[in-house]
Amino acid sequence: MPTELEPLDRPDLYVVARLLERLWREEKPMLKTRLQVASNVNYDVFRRYVSWMTDRGLVMAENSADGHERLLLTPKGQEAYRKLVQWINEVIHERTRGA
Amino acid sequence: MIGSRASSGVRDGASVLGWPERSNRTLIVLAVVAILVGTVALSMTMFSVPHRAETITVEPRSYHSLYLGAYGFCRLEYSHTGASYFAEGYIVELDRKNFELLADGKPYDYTGYEAIGMGGQGTMTTHGALWELFIVVVNEGSSPFSIEFEYDMTVYVSYLPAGPIALAVFACAYAVDRWMVSRGSREIPPALGTVPLTTKRRMIQVIVVLVLMPVALVYAFEILTPGSLSLWMSGFITLPLSLLISIVIALFLRFKLLLVQGSPEDVLADLAHRLRVSRYLVAPRRSYLSVQISSTAAIKLRAKRVPDGTLVSFQMDATPTGWVLIFIGIFLFVFFMPLAWAVVLFTLYRAAAFAQVRVIPRMSQMPIPSFQQREADAKAVLIDSLAEGRRLASEAYDSVKSNYEDSFIISVLAAMLVFAVLAVVSWFASSQFLEGPERIVVTIVVGAVGSVYLLVFQLIRLVMTTKPVLAEIKAWRGRLEGALFRETTVVGLADSGPSSFEVVLDSYRELPKWLKARSKGGAFRQPGLWFLMFFISYGIYGLALYGVFQLGTGNLPVGGLFFGVAMVLVYVVFALYLRWKRQQDEESKTVSDEWSGRYETLRSEMEAYLRGV
């Protein structure tokens with residue numbers, strides 16, 4: 001029986017971005033175990049992040065025929081990642097303009 | 001390791017080694033060694049005049065001339081004996097122009113004069129630069145006289161054989177390079193597309209003109225210079241001056257590359273993006289892009305609106321290391337101007353090769369996505385951020401390294417100065433109780449101990465403060481290069497490891513340090529100011545030395561005046577330096593203050609955004 005997940009109060013930007021980026025790179029749905037390796041957090045924390053991101057429509061789960069659960073980035077997740085990347089890019093260029 | 005993969009990575013699907021715009025460094029080193037060895041060997045054997053002795057008889061109202069051409073650096077010694085007591089003559093040393101004036105019976109100027117007669121004899125020895133010399137024995141008397149004349153000239157390095165040897169060696173090196181390419185032992189990767197070789201060919205024609213120009217200018221100076229000035233305008237002045245003119249022209253030449261559609265801003269933004277994808281260091285400036293080709297060469301790419309579209313042109317540029325080589329050559333005028341000239345022409349060729357093989361194909365690739373489309377593409381934006389971070393890290397690394405090397409040289413010079421000061425002080429201080437060899441030994445030991453102590457202390461301090469900074473920036477550059485490599489190539493991705501986003505965000509925290517390090521790049525951030533300080537310092541040295549000499553000979557008013565002017569100039573240099581330092585400190589403080597807390601703000605803004613999704 002899966003234990004009840006405690007909701008994330010303040011998700012770490014780095015972990016969310018890491019998950020978004022890893023899924024963004026994959027053209028196909030990605031195995032949860034592989035994504036957990038990429039997230040560099042333990043499985044419990046990873047599940048809380050996945051749950052948090054699923055609740056917000058950033059990722060969606062997909063059950064495969066082989067019985068493994070896979071994760072996929074939603075268009076909203078893609079947009080969120082693009083926005084984060086563009087944000088930091090704008091700030092860097094604004095800071096270093098003419099440098 | 002991502003970093004190590006990047007360092008052995010590929011550009012445009014080809015090996016990093018052996019790009020067409022890159023040179024075969026082994027061959028260049030061998031060519032330079034061959035030129036140096038060949039020039040010395042040929043100069044010593046063909047241009048030297050081993051000891052000769054002859055009896056010279058000069059008829060009344062006539063002269064006998066002896067021509068010596070070294071066109072470089074030599075040792076010359078001549079002597080004359082045996083003139084009769086009543087001989088009425090003299091020996092003059094002339095350059096070619098004044099010799100022709102003498103031959104025509106016109107007034108002339110000389111560089112050396114010695115009277116013959118009264119049974120006189122004399123010896124003259126010269127070490128150093130000598131272009132052409134006419135030694136003329138003139139008989140002003142009414143009866144002939146004879147002298148025994150002996151001379152010996154050893155030419156160490158002559159410019160005359162250096163030119164043909166350089167051409168021959170580079171022709172051989174080029175042939176060997178082509179042969180290696182045809183054999184397949186040196187790989188030249190294919191360009192992105194097939195382009196006609198017009199740019200490179202046109203550049204070769206320009207370089208031929210720039211090579212021939214100094215020769216023509218030397219002859220023009222020779223013809224146009226008045227006789228009175230020709231003493232000052234020997235080949236040692238006219239050749240470097242002609243090379244300098246050729247260098248200045250090469251630095252300012254702009255070459256048309258391609259006519260394309262689109263606004264100049266979009267064309268440059270597209271080009272910058274494409275070059276960054278190929279992991280070139282691209283620095284966008286106000287009106288052009290500066291792209292680093294190698295450790296010394298760079299290229300400026302400009303776009304200008306014309307009636308039919310946008311014209312893209314290029315101009316040679318250099319990295320700070322390249323500029324150091326060029327400026328050293330220019331400042332050491334006589335000795336190393338040919339080096340600066342060769343570096344400039346070589347950079348010009350590399351810029352043309354780069355424009356031909358790397359820039360034109362990238363501008364012909366279709367379709368070129370619009371700037372707005374690229375903004376919407378997360379990958380393109382990531383590449384842009386990583387490339388910008390990598391550029392800033394690389395420039396910061398170069399600045400810190402350059403300052404480190406400058407400080408190293410300054411420490412050695414300071415140690416030499418301390419040695420001199422301590423040696424002088426101990427020499428005078430020991431006058432009461434030491435003499436002879438003991439006094440010399442004590443002087444040297446005191447000077448050496450003081451200077452070595454200072455040098456070792458300074459170098460340890462320098463290494464301990466700079467090496468960690470260099471290592472840190474290098475590690476960051478590696479991280480950014482690794483991430484950029486991952487974004488620009490199709491490779492199997494590891495599941496673990498930091499994301500590119502993390503690398504960019506983390507590097508953002510380092511930016512103030514990098515910008516600060518870059519702004520301390522000194523001479524090459526504000527070359528005008530630093531060269532002004534250099535020239536004034538050089539003037540101070542001359543004035544102070546002359547002032548001390550005059551004071552030593554008891555000429556107090558003149559000595560005091562020169563010394564006073566030198567001191568005023570010391571104050572000027574010091575004030576300029578303090579102003580520069582204050583400006584740097586203010587800029588650093590502004591940057592640090594502005595950046596302080598900025599990272600945390602940005603991070604919380606992003607987290608707030610994610611929470612609100």
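Quick caveat, the model's predicted, so the values are computed rather than measured.

Cut-offs used in this document
- Residues numbered from 1 in each chain as written.
- Chains lettered and ligands numbered in written order.
- Predicted model: local features only at pLDDT ≥ 70, side-chain atom pairs only at ≥ 80, totals over all residues.
- Helix = DSSP H or I, 4+ residues; strand = E, 2+ residues; numbered from the N terminus.
- Buried ≥ 20, exposed ≤ 12 C-beta atoms within 10 Å, placed from the backbone.
- Contact = placed C-beta atoms within 7 Å.
- Axes fitted to C-alpha atoms, helices over the stretch in contact; angles between N-to-C directions.
- Parallel < 35°, antiparallel > 145°, perpendicular 65-115°, else oblique.
- Left-handed = near helix turned anticlockwise from the far one by under 90°.
- Nonpolar A, V, L, I, M, F, W, Y, C, P; charged D, E, K, R; others polar.
- Pairing = 2+ DSSP bridges.
- pLDDT = per-residue confidence, 0-100.
- Core = buried A, V, L, I, M, F, W, Y, C linked by C-beta atoms within 7 Å.
- Domains from an automatic or database assignment.

**A few points about the overall build of chain B**
Here comes step 1: When you go through chain B residue by residue, the secondary structure sums to 17 helices and 13 strands.
Here comes step 2: The burial tally for chain B puts 29% of its 613 residues in the buried class.
Here comes step 3: Counted over contacts in chain B with a minimum sequence separation of 6, partners at least 24 positions apart contribute 78%.

**Comments concerning the overall build of chain A**
Here comes step 1: The helix and strand tally for chain A stands at four helices and three strands.
Here comes step 2: Taking contacts inside chain A between residues at least 6 apart in sequence as the whole, the part at least 24 apart equals 54%.

**Focus: the packing of helix α1 (residues 13-25) of chain A against helix α2 (residues 32-39) of chain A**
All names here are of chain A.
Here comes step 1: As a packed pair, α1 and α2 sit with axes 9 Å apart at the nearest point and diverge in direction by 135 degrees. Here α1 is positioned oblique relative to α2, judged by the angle of their axes. For α1 against α2, the interelement crossing comes out right-handed. Two secondary-structure elements touch here, α1 through Val15, Arg18, Leu19, Arg22 and Leu23 and α2 through Leu35, Ala38 and Ser39.

**Remarks on unusual backbone geometry**
Here comes step 1: Of note in the backbone geometry, Asn40 of chain A takes a positive phi value of approximately 60 degrees without being a glycine.
Here comes step 2: Notably, Arg61 of chain B is not glycine yet its phi reads approximately 55 degrees, a positive angle.
Here comes step 3: Locating Arg61 of chain B in the fold gives a position in the loop between β3 (49-58) and β4 (62-81).
Here comes step 4: Of the residues examined, Arg61 of chain B has 10 C-beta atoms within 10 Å and is grouped as exposed.

**As for the interface of chain A and chain B**
Here comes step 1: Counting from both sides, the interface comprises 31 residues of chain A and, opposite them, 27 residues of chain B.
Here comes step 2: Breaking the side of chain A that touches chain B down by element, the ones donating at least two residues are α1, α2 and α4 (75-96) of chain A.
Here comes step 3: Sorting elements by how many residues they give to the side of chain A that touches chain B places α4 of chain A first, with 14 residues.
Here comes step 4: Here the residues of the side of chain A that touches chain B sort into 18 nonpolar, five polar and eight charged.

**Some thoughts on the sheet that holds strand β9 (residues 255-260) of chain B**
All names here are of chain B.
Here comes step 1: The sheet built from five strands is open, its strands ordered β9-β13-β12-β11-β10 with antiparallel pairing. Edge positions in the sheet fall to β9 and β10 (282-284), since each of these pairs with one other strand and no more. Adjacent strand axes in the sheet meet at a mean angle of 25 degrees, parallel and antiparallel pairs treated alike.
Here comes step 2: Here β9 runs beside strand β13 (residues 309-318); their pairing, made up of five bridges, is antiparallel. Following the sheet pairing, Leu258 is matched in β13 by Val312.

**Quick notes on the packing of helix α2 (residues 25-47) of chain B against helix α4 (residues 159-183) of chain B**
How two helices pack is summed up by the angle between their axes together with the distance between the axes.
Residues and elements named next belong to chain B.
Here comes step 1: Where α2 contacts α4, the axes come no closer than 9 Å and their chain directions differ by 150 degrees. Every pair of crossing elements has a handedness; the one defined by α2 and α4 is right-handed. Counted together, Leu27, Ala31, Ala34, Ile35, Gly38, Thr39, Leu42, Ser43 and Met46 of α2 and Pro161, Ala162, Ile165, Ala166, Val169, Phe170, Ala173, Val176 and Asp177 of α4 form the full contact between these two elements.
Here comes step 2: For the contact of α2 with α4, the residue count by class is 14 nonpolar, three polar and one charged.

**Section: the confidence of the model for chain B**
Residue and element names in this part refer to chain B.
Here comes step 1: Taken over all residues, the pLDDT of chain B has a mean of 78, while the share at 70 or more is 83%.
Here comes step 2: Mean pLDDT across the secondary structure elements of chain B bottoms out at helix α1 (residues 2-7), with 33, and peaks at strand β12 (residues 297-306), with 91.
Here comes step 3: Within the model, the stretch residues 189-195 combines pLDDT values under 50 with 17 contacts to residues more than four positions away or in other chains.
Here comes step 4: Overall fold confidence (pTM) sits at 0.58, and the ipTM for the predicted complex is 0.78.

**Quick look at the pairing of strand β2 (residues 59-63) of chain A**
Remark: a regular strand shows side chains that alternate across the two faces of the sheet.
Residues and elements named next belong to chain A.
Here comes step 1: Relative to strand β3 (residues 69-73), β2 runs antiparallel, the two sharing five bridges. Across the sheet, residue Met60 finds its bridge partner in β3, namely Leu72.
Here comes step 2: Turn length for the β2-β3 hairpin, with the two strands adjacent in sequence and antiparallel, is five residues, and the turn residue Gly67 shows positive phi of about 90 degrees.

**Let's talk about the nonpolar core**
Here comes step 1: The biggest cluster of nonpolar side chains holds 99 residues, and the ones touching the most others in it are Leu20 of chain A together with Ile299 and Ala351 of chain B.
Here comes step 2: A per-element tally of this core places helix α10 (residues 333-364) of chain B first, with 15 residues.
Here comes step 3: Counting contributing residues, this core receives three or more from each of domain 2 (192-370) and domain 3 (377-522) of chain B.
Here comes step 4: When residues no more than four places from it in sequence are discounted, the contact partners of Leu20 of chain A are Leu58, Leu73, Gly77, Ala80 and Tyr81 of chain A.

**Description of the sheet that holds β4 of chain B**
One key point about sheets: their strands pair by backbone hydrogen bonds, in either a parallel or an antiparallel sense.
Residues and elements named next belong to chain B.
Here comes step 1: The strand order across the open sheet built from six strands is β3-β8-β4-β7-β5-β6, with neighbouring strands paired in antiparallel fashion. Of all the strands in the sheet, the pair left with one neighbour each is β3 and β6 (112-116). Averaged over all neighbouring strand pairs, the angle between strand axes comes to 20 degrees, with direction disregarded.
Here comes step 2: Pairing between strand β5 (residues 89-94) and β6: five bridges, direction antiparallel. Looking across to β6, one finds that Gly89 is bridged to Ile116.

**Observations regarding the environment of Tyr110 of chain B**
Residues and elements named next belong to chain B.
Here comes step 1: For Tyr110, the location among the structural elements is in the loop between α3 (96-103) and β6.
Here comes step 2: Taking the C-beta count within 10 Å as the criterion, Tyr110 has 17 such neighbours and is therefore assigned partly exposed.
Here comes step 3: Taking C-alpha positions, Tyr110 is 9.9 Å from Phe134, a pair spaced 24 residues apart along the chain.
Here comes step 4: Apart from the residues within four sequence positions on either side, Tyr110 is in contact with Val92, Glu93, Leu94 and Asn98.

**Quick word on the environment of Arg254 of chain B**
Residue and element names in this part refer to chain B.
Here comes step 1: You can see Arg254 is positioned in the loop between α7 (235-252) and β9.
Here comes step 2: Take Arg254: there are 12 C-beta atoms within 10 Å of it, and that puts it in the exposed class.
Here comes step 3: Residues Arg254 and Met316, 62 residues apart in the sequence, show an inter-C-alpha distance of 8.0 Å.
Here comes step 4: Other than its neighbours up to four places away in sequence, Arg254 contacts Ser313 and Gln315.

**Here's the deal with the pairing of strand β7 (residues 122-139) of chain B**
Residue and element names in this part refer to chain B.
Here comes step 1: Here β4 runs beside β7; their pairing, made up of 17 bridges, is antiparallel. Paired with Ser79 across the strands is Thr123, a residue of β7.
Here comes step 2: Both β5 and β7 contribute to a ladder of six bridges, which runs antiparallel. Its bridge partner being in β7, Val92 is matched across the sheet by Val136.

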